[in-house]
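Chain and residue survey
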Amino acid sequence: MARKKSFQQQMESINKEIQMCETKLNRLYQEREEILKQKQQAELASLYHLIQNHGMTIEDVTCMIEQSNQNPA
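Bear in mind that the values here come from a model prediction, so they are computed numbers and not experimental data. (Residues numbered from 1 in each chain as written. Predicted model: local features only at pLDDT ≥ 70, side-chain atom pairs only at ≥ 80, totals over all residues. Heavy atoms only, no water.)

Quick notes on the overall build of the protein chain
Scanning the protein chain from N- to C-terminus turns up 2 helices and 0 strands. Relative to the globule expectation of 11 Å for 73 residues, the C-alpha radius of gyration of the protein chain, 27 Å, shows a markedly less compact shape. If you line up the protein chain on its principal axes, its C-alpha atoms span 80 × 25 × 15 Å. In the protein chain, buried positions account for 1% of the 73 residues. Split by element, the accessible area of the protein chain, about 7,300 Å² in all, is 57% carbon and sulfur. (Helix = DSSP H or I, 4+ residues; strand = E, 2+ residues; numbered from the N terminus. Rg over C-alpha atoms; globule rule 2.2 N^0.38 Å. Buried < 20%, exposed > 50% of the residue type's maximum accessible area, 1.4 Å probe, protein only. Areas by Shrake-Rupley, 256 points an atom, 1.4 Å probe, with all protein chains shown as cover.)

A closer look at the pattern of salt bridges
On inspection of all chains with the given rule, the structure shows 2 salt bridges. We note a salt bridge from Glu43 to Lys39, for which the minimum N-O separation is 2.9 Å. Here Glu43 and its partner Lys39 are both found in helix H1 (residues 7-53), 4 residues apart, which amounts to about one turn of the helix. What makes Glu43 partly exposed here is its relative accessible area of 44%. For Lys39, a relative accessible area of 48% translates into the label partly exposed. (Salt bridge = Lys/Arg side-chain N within 4 Å of Asp/Glu carboxyl O.)

Considerations on the environment of Glu12
Structurally, Glu12 can be placed in helix H1. Since its relative accessible area comes to 47%, Glu12 is described here as partly exposed. Each C-alpha atom of the pair Glu12 and Gln70 lies 62 Å from the other, and the pair is 58 residues apart in sequence.

Thoughts on the environment of Leu28
Within the secondary structure layout, Leu28 lies in helix H1. Judged by relative accessible area, Leu28 falls into the partly exposed class, the value being 39%. In sequence terms Leu28 and Asn69 are 41 residues apart; their C-alpha atoms lie 38 Å from each other.

This is how it looks when you write it as structure tokens:
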């Protein structure tokens, strides 16, 4: 007949599982943050190339956006 785990053993087992889940969750948060950074870099690069292809500078686009905000349609 299998012997039942004591309350202390059950608590230790659960605490160990919680710790493993927390470790995995932290790793997943870090991975998500890295993916978001990569996405942001790709979007910035795409935007920069678009600006260059239109013969504009960052300052030109900044001014356009600022003027657009001052004169909403």
